[in-house]
Amino acid sequence: MIKHIYSGFIKYTLSLFLNILSLTIAFSGIITILLYISYQKSFDKHNIHYSTVYQLQIDNEESTLPAVISPILRKNVSDIVAITPVWFNPGIISINKQSKYSFYASSFYANNDIFKIFSFDIINGSAKDALKQPLSIVLTQSLAKKLYENENPIGKQVNLNGHNYTCTAVIKDLPETSSIQTECIVSFETLLQQDNSFAKKWSEWSFRTFLRINSKDNYNHVLKAINSIDEINNVLHEDLAEKSANDSYLSLQALSKLHFTESGQYKTINPIVINILILLAIILAVMGIVNFVNLLTSQAIQRAKVFSIKRILGAGETQLLIQIIVESIIISLIALAIALIIHSYLYPYIEKILQIKGLSFQNRNYWYVYFVLMTIIYSIIASIYPAKYITSVNIIQTVKGTYRFSGKGRFIRNFLLTLQFSFTILLIIASISIKKQINFWHNFDIGIQKENIVYIRTSSNIIKHKDAFVKELLNNPHITEYTYSSFVPGGVGMMWGRTINNQQINIYCWPVDQHFIDFFGIKIKKGRKFSSLKADMNSFIINEKAVEKYHWDKPLEIIMQGFDFEGPIIGVTENFNFSSLKEQIPPMQLWLTDTRPYVLLLKLAGGNTSTVMEHIKNIWGKFEPGLDIDINFLDEHLNNLYQKEEKIAYFIEAVSLWTILLSLTGLLGLTLFTARQRTKEIAVRRVNGATVIEIINLFNREFIKWIILAFLIATPIAYYSIANWIQNFAYKMSISWWIFALSGIFLLIVTTISVSIQTLIIARKNPTESLRYE
């Protein structure tokens, strides 16, 4: 008798342990996901005028525009409180041209209205006129400290990209939850004061435009007023009329949406990622409830006896219901406490592995309260069915030991288990499919060579001595070729708007040198490549996409308008991918010039990489002793274009692991319940000669059929979801049948092993002992 009571206690304790373990696993995942979503949703909310700040766009697409639009809007739309064009232009900054110490710094140009639009905390100086004068610059606190240490920089000279500016203010570093990041802001008047300034031309589509309106309620009025200005519409009409069905070319994007727009200029996240994470959190919550129900009902027989005795002694059914719910709340809060402790230790490692931020409770202690409240509500919802299930038994039959729970309860448990299996299969398929798509991008032939190529961003001093710098680099036989360019493949950021044969065009422009075509092995379809810098200076080579989009029958007869020059188109290249493979190849032109050698690309022979890197660093040190070199591999840079998708894959892999663990704990609980219900049957079968293997097979068949059903449910949902996801990409993988088969087989093997181990322990017990206590 004592042994039987001890066995019951062990089983109850095991069930309780599994329940806490299951909830801890679920809560750990939910805490991580909700904190990350909260972090992403907090972007830009530090701005006082968060609800009335907008970015000007074309047809609701992230766009660059001519800077001349800003003063026209300021003049014609009275509800606009402040407006500024913004030109992002990072560079090398130092105290003066002769300084030995210089730094790469992110920067953008804006007028003084930037302080009325965004919230910058001024430490020194005044926001009233900080950017009103040409050659004025505002530094962040960290950059000012780098340049001047503890000195006051106000009124002192700063050299940025070879030009001297006067520091007029110092601001606090922008918070990490700001979509726009910069280390300094330069007065836009600097650009406007230049001779033949590109900032005054309608043809130069290189500027973002931000504005603030007087009230959110006036949004529609402002939008209508913006699209009613003929001076703007007449210029935009030729190129944009066929794109817009309602003749409204310009749109306003709220600051609240800036962080959730694909852009290479801001800190952004795809909103699909947020939706996926919300779905994953729901899946974990549901699977936690499934396990909670199954594990709680696995103790139904033993607890029903106890509660029946209590009811005989006078306890009411409601009182017992409340007892089970309170116990469930306590169990859930214990699991939450363990999950929070685990999270506090593991979140730095998770951030490092996933290359993300936002998993800390720092400055968000109110989330502790949220999680406690959510846990209480969660446990009440999860415990209502088991509580009613356990307390609604026939008292007399339960005390006598003749009561058997209805088939309805077994159906619900099997349904929940099938749901759990379906989620697991779905997530495994999604995880493998995303990985396959990313590998497809990584291995895709983009039309240019990307292996064994490194690049370095030049400085003003390197540019000044660029020929001598390259000559010394080429003394190493493992550096075989070079080319100077304004951009790296995957990061071309110059867009030109031009009028060609009375047709308004938008085309990416890529300033390069004469070696660029041969360096990347780009094929010429028509015309010729650049012969020499002197002979073909300011000439252009366009891609096939430009010819196709703008229907140019004779592209080699076209003269392209530059900034202060005209240049002929001398060739047409085959299309090659110079941006993300998520997008179609846009129209693009290569512009031969020596005015923008901001990036040096070097082709390596392969082997002795460390020796070559050391050689490059040594030569750099001769020309730039005060500036650290940053050497990057081109293939790694191109692979980083898909970091967001990789993060999704990491999250889904992590949640897939959580769901597998949840499935296993749920399986264990359900196996315990089934074994307890069928203890007498197992004993009788053993007495009648059934082997342990036969009993294991009997139990496995019970679970395998639910895995097959889950597979049939999850497969079409997974296929539809993956097919819709890859439709967003220009270059996509084929969906492979083996991914679905592998997911089902994997879960089948894991389940079979788990059930077999548990059944083996039960089946090896002495059948005589089991029959004695039945």
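Small disclaimer: the values here were computed from a predicted structure and weren't measured.

1. Observations regarding the overall build of the chain
Consideration 1: Helix and strand counts for the chain stand at 26 helices and 23 strands.
Consideration 2: Buried residues in the chain amount to 52% of all 774 residues.
Consideration 3: Carbon together with sulfur atoms contributes 56% to the accessible area of the chain, which is approximately 35700 Å² in total.

2. What to know about the nonpolar core
Consideration 1: The biggest cluster of nonpolar side chains holds 131 residues, and the ones touching the most others in it are I93, I137, L139, W496 and W510.
Consideration 2: For this core, the element with the highest residue contribution is helix α1 (residues 2–41), accounting for twelve residues.
Consideration 3: Setting aside anything within four residues of it in sequence, one finds I137 in contact with I93, V158, L160, Y165, T166, C167, T168, A169, C184, I185 and V186.
Consideration 4: The next biggest cluster of nonpolar side chains, apart from the first, holds 24 residues, and it includes L426, I429, I695 and V755.

3. Quick look at helix α2 (residues 69–76)
Consideration 1: Among the residues of α2, those classed as buried are I69, S70, I72 and L73. The arc that holds the buried residues of α2, viewed along the axis, is 165 degrees, so those residues lie on one side.

4. Regarding the confidence of the model for the chain
Consideration 1: Per-residue pLDDT for the chain averages 85, and the proportion of residues at 70 or more is 88%.
Consideration 2: For the stretch residues 1–6, pLDDT sits under 50, and the model shows three contacts to residues farther than four places along the chain or on other chains.

5. What about the side chain of Q589?
Consideration 1: Considering the arrangement of structural elements, one finds Q589 in strand β21 (residues 588–592).
Consideration 2: Apart from the residues lying within four places of it in its own chain, the contact partners of Q589 are W496, I507, Y508, C509, W510, F540, I541, I542 and M560.

6. Some remarks on the pairing of strand β20 (residues 566–573)
Consideration 1: A large share of β20 lies buried, amounting to six of its eight residues.
Consideration 2: With three bridges joining them, strand β17 (residues 524–527) and β20 adopt antiparallel strand pairing. Across the sheet, residue G527 finds its bridge partner in β20, namely G571.
Consideration 3: Examined bridge by bridge, strand β18 (residues 540–543) and β20 share four bridges and lie parallel to one another. Along β20, the bridge assignment pairs I541 with G571.
Consideration 4: Summarising the sheet, strand β19 (residues 559–561) and β20 pair through three bridges and their orientation is antiparallel. Paired with Q561 across the strands is E566, a residue of β20.
Consideration 5: The hairpin formed by β19 and β20 contains four residues between the paired strands.

7. Section: the pairing of strand β14 (residues 479–485)
Consideration 1: Most of β14 sits out of view: five of its seven residues are buried.
Consideration 2: In this structure, β14 lies alongside strand β22 (residues 599–604), joined through six bridges in antiparallel fashion. Bridging from a neighbouring strand, Y482 pairs with L602 of β22.

8. Describing the pattern of salt bridges
Consideration 1: Following the criterion strictly, the structure yields 13 salt bridges and no others.
Consideration 2: Between E151 and K156 there is a salt bridge, with the nearest N and O atoms lying 2.4 Å from each other.
Consideration 3: Relative accessible area serves as the criterion here: at 48%, E151 is assigned to the partly exposed category.
Consideration 4: Among the residues examined, K156 registers a relative accessible area of 27% and is labelled partly exposed.
Consideration 5: Residue R528 pairs with D536 through a salt bridge whose shortest N-O separation is 2.9 Å.
Consideration 6: Look at the salt bridges and you will find they share partners, linking R74, D113 and K116 into a network.

9. Some thoughts on the environment of T458
Consideration 1: Looking at where T458 falls in the secondary structure, it is placed in the loop between β13 (453–457) and α15 (460–464).
Consideration 2: With 28 residues separating them in the primary sequence, T458 and S486 have C-alpha atoms 9.8 Å apart.
Consideration 3: Apart from residues lying up to four places away in sequence, T458 is in contact with I92, Y104, I463, Y484, P597, Y598, V599, L600 and W620.
Consideration 4: A polar contact of 2.8 Å, which involves the side chain of T458, links it to the backbone oxygen of P597.

10. Some remarks on the packing of aromatic side chains
Consideration 1: A complete count under the given rule lists 42 aromatic pairs for this structure.
Consideration 2: Pairing F88 with Y266 gives two aromatic rings, centres 5.9 Å apart and planes at 75 degrees, and the pair type is edge-to-face. Residue F88 is located in strand β2 (residues 80–88), and its partner Y266 is located in the loop between α8 (255–258) and α9 (271–297); the two are separated by 178 residues in the primary sequence.
Consideration 3: Assessed through its relative accessible area of 14%, F88 is described here as buried.

11. Structural notes on the packing of helix α16 (residues 466–473) against helix α20 (residues 609–623)
Consideration 1: Relative to each other, α16 and α20 sit at 150 degrees, their axes nearing to 10 Å. The angle between α16 and α20 falls in the class roughly antiparallel. Here α16 and α20 pass one another in a crossing that is right-handed. Mapping the contact onto sequence places A468, F469, E472 and L473 in α16 and H615, I616, I619, W620, K622 and F623 in α20.
Consideration 2: Of the residues assigned to the contact of α16 with α20, the class counts are seven nonpolar, one polar and two charged.

12. Comments concerning the packing of helix α24 (residues 692–726) against helix α25 (residues 737–763)
Consideration 1: Viewed as axis vectors pointing N to C, α24 and α25 meet at an angle of 155 degrees, and their least axial separation amounts to 9 Å. Between α24 and α25, the angle falls in the class roughly antiparallel. Considering only the axes of α24 and α25, their crossing is right-handed. The segment α24 lies against α25, with V692, I695, I696, F699, N700, F703, I704, I707, F711, T715, A718 and Y719 engaging F740, G744, L747, L748, T751, T752, V755, S756, T759, L760 and A763.
Consideration 2: A breakdown of the residues in the contact of α24 with α25 according to their chemical character gives 16 nonpolar, seven polar and no charged.

13. Quick look at unusual backbone geometry
Consideration 1: For D44, which is not glycine, the phi torsion reads 70 degrees and is therefore positive.
Consideration 2: Its place among the elements puts D44 in the loop between α1 and β1 (53–58).
Consideration 3: Phi is positive for L135, close to 60 degrees, though the residue is something other than glycine.
Consideration 4: Tracing the chain through its elements places L135 in the loop between β6 (122–125) and β7 (136–140).

14. Observations regarding the side chain of S422
Consideration 1: Position of S422 relative to the elements: it lies in helix α14 (residues 407–443).
Consideration 2: Its relative accessible area of 8% is what places S422 among the buried residues.

15. Observations concerning α16
Side chains of residues three or four places apart in an α-helix project in the same direction, reflecting 3.6 residues per turn.
Consideration 1: Taken as a whole, α16 has its buried residues at K466, F469, V470 and L473. Taken around the axis of α16, the buried residues stretch over an arc of 95 degrees, which confines them to a single face. In α16, the exposed positions that point more than 90 degrees away from the buried face belong to D467 and K471.
Consideration 2: Residues of α16 that are buried make contact with β13, α15, β14, β22 and α20.

16. A closer look at the state of the cysteines
In protein chemistry, a disulfide is the covalent bond that joins the sulfur atoms of two cysteines.
Consideration 1: According to the stated counting rule, one finds zero disulfides in the structure shown.
Consideration 2: C167 provides the cysteine sulfur closest to C184, a residue in no disulfide bond, and the two sulfurs are 9.8 Å apart.
Consideration 3: You can call C184 buried: its relative accessible area is 0%.

17. Quick word on the environment of P348
Consideration 1: By the secondary structure assignment, P348 is in helix α11 (residues 317–354).
Consideration 2: On the basis of relative accessible area, P348 is assigned to the partly exposed category, the value being 37%.
Consideration 3: Linking P348 and S360, residues twelve residues apart in sequence, is a C-alpha distance of 8.1 Å.

18. Points about a nonpolar patch on the surface
Consideration 1: On the surface, I322, V326, I330, I334, I338, I341, I342, Y345, L346, Y349 and I353 cluster together into a nonpolar patch covering about 1100 Å² of accessible area.
Consideration 2: Tracing the sequence through the fold places I338 in helix α11.

What counts and what doesn't
Residues numbered from 1 in each chain as written. Predicted model: local features only at pLDDT ≥ 70, side-chain atom pairs only at ≥ 80, totals over all residues. Heavy atoms only, no water. Helix = DSSP H or I, 4+ residues; strand = E, 2+ residues; numbered from the N terminus. Buried < 20%, exposed > 50% of the residue type's maximum accessible area, 1.4 Å probe, protein only. Areas by Shrake-Rupley, 256 points an atom, 1.4 Å probe, with all protein chains shown as cover. Core = buried A, V, L, I, M, F, W, Y, C linked by side-chain atoms within 4.5 Å. Contact = heavy atoms within 4.5 Å. Arc of directions from axis to C-beta. pLDDT = per-residue confidence, 0-100. Pairing = 2+ DSSP bridges. Salt bridge = Lys/Arg side-chain N within 4 Å of Asp/Glu carboxyl O. Polar contact = N/O pair within 3.5 Å; in protein donor to acceptor, adjacent residues only side chain to side chain. Phe/Tyr/Trp six-rings, centres within 6.5 Å; stacked < 30°, edge-to-face > 60°. Axes fitted to C-alpha atoms, helices over the stretch in contact; angles between N-to-C directions. Parallel < 35°, antiparallel > 145°, perpendicular 65-115°, else oblique. Left-handed = near helix turned anticlockwise from the far one by under 90°. Nonpolar A, V, L, I, M, F, W, Y, C, P; charged D, E, K, R; others polar. Disulfide = S-S within 2.5 Å. Patch = residues over 30% accessible without salt bridge, like charges linked within 9 Å, V, L, I, M, F, W, Y side chains within 5 Å.

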